[in-house]
Amino acid sequence: MVGSGGSTTDRSKEAIGMMALHEALRTVCLNSDWTYSVFWTIRPRPRVRGGNGCKVGDDNGSLMLMWEDGFCRGRVADCLPDIDGEDPVRKAFSKMSIQLYNYGEGLMGKVASDKCHKWVFKEPTECEPNISNYWQSSFDALPPEWTDQFESGIQTIAVIQAGHGLLQLGSCKIIPEDLHFVSENEAYL
């Protein structure tokens with residue numbers, strides 16, 4: 001078949017893999033206090049053609065992190081109530097699907113390149129003096145889109161290097177860092 005882009009068997013395997021990934025993300029949330037889970041895959045940065053037909057971009061094999069799949073539970077009692085009929089957590093979750101991160105840069109990119117994990121709590125407010133933030137790096141700020149998540153009611157965000165990408169988890173509860181959970185999920189996905 002000319003121009004099919006791959007065999008039916010390849011597409012079937014890819015579909016089965018995507019279903020398994022989605023089920024894994026769903027299972028992480030439904031069997032724990034995590035409100036959402038997202039898998040960011042590491043991909044080569046695409047080269048695009050400029051207006052004059054020349055390729056724009058570098059040839060050094062730069063990589064990026066791109067949304068592969070995600071799962072967000074329905075209304076969770078610990079999160080903020082609906083605002084104008086919308087679930088603020090689902091709204092913040094949906095916005096994440098269009099994000100891209102540079103491999104090796106910023107919090108997300110460095111977790112991927114360093115093959116590590118980060119556990120981040122919402123910054124304390126006057127009403128919440130006992131909440132602490134594990135992110136104590138002066139050279140990388142939190143991704144700006146995380147502000148929407150924290151404002152929606154998310155209290156904890158964990159980013160774990162897993163397989164060929166990153167697992168990002170968010171919860172409307174404070175979830176202490178759990179190295180056993182990290183090691184299980186590094187190998188799971």
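Anyway, here's the lowdown on the structure attached to this text.

Here is what the cut-offs are and how they apply
- Residues numbered from 1 in each chain as written.
- Predicted model: local features only at pLDDT ≥ 70, side-chain atom pairs only at ≥ 80, totals over all residues.
- Heavy atoms only, no water.
- Helix = DSSP H or I, 4+ residues; strand = E, 2+ residues; numbered from the N terminus.
- Buried < 20%, exposed > 50% of the residue type's maximum accessible area, 1.4 Å probe, protein only.
- Contact = heavy atoms within 4.5 Å.
- Areas by Shrake-Rupley, 256 points an atom, 1.4 Å probe, with all protein chains shown as cover.
- Pairing = 2+ DSSP bridges.
- Polar contact = N/O pair within 3.5 Å; in protein donor to acceptor, adjacent residues only side chain to side chain.
- Core = buried A, V, L, I, M, F, W, Y, C linked by side-chain atoms within 4.5 Å.

**Notes on the overall build of the chain**
- When you go through the chain residue by residue, the secondary structure sums to five helices and eight strands.
- Along the chain, from the amino end to the carboxyl end, the secondary structure elements read α-β-β-β-β-α-β-α-β-α-β-β-α.
- Relative to its full complement of 189 residues, the chain shows a buried share of 38%.
- Across the chain, contacts joining residues at least 24 apart in sequence account for 63% of those joining residues at least 6 apart.
- For the chain, the exposed area adds up to about 10,800 Å²; of that, 54% sits on carbon and sulfur atoms.

**Here we look at the pairing of strand 8 (residues 165–171)**
- In terms of burial, strand 8 is largely enclosed, as seven of its seven residues are buried.
- For strand 1 (residues 36–44) and strand 8, the ladder comprises six bridges, and the chain directions are antiparallel. Among the inter-strand pairings, Ser-37 is bridged to a residue of strand 8, identified as Leu-169.
- Judged from the seven bridges that link them, strand 7 (residues 156–162) and strand 8 form a sheet pairing that is antiparallel. Bridging across to strand 8, Ala-158 finds its partner in Leu-169.

**Notes on the side chain of Ser-152**
- Position of Ser-152 relative to the elements: it lies in helix 4 (residues 146–152).
- For Ser-152, the side chain forms a polar contact with the main-chain oxygen of Gln-149, separated by 2.6 Å.

**What to know about the nonpolar core**
- The biggest cluster of nonpolar side chains holds 22 residues, and the ones touching the most others in it are Tyr-36, Trp-40, Met-108, Trp-146, Val-159 and Leu-166.
- Only strand 1, strand 4 (63–72), helix 2 (88–96), helix 3 (106–114), helix 4 and strand 7 provide two or more residues apiece to this core.
- The element that contributes the greatest number of residues to this core is helix 3, accounting for four residues.
- Apart from the residues within four sequence positions on either side, Trp-146 is in contact with Tyr-101, Leu-107, Met-108, Val-120, Ile-157, Val-159 and Gln-168.
- Leu-21, Val-28, Phe-39 and Ile-175 belong to the second-largest nonpolar core, a separate cluster that totals 17 residues.

All we've got here are geometric facts, nothing functional implied.
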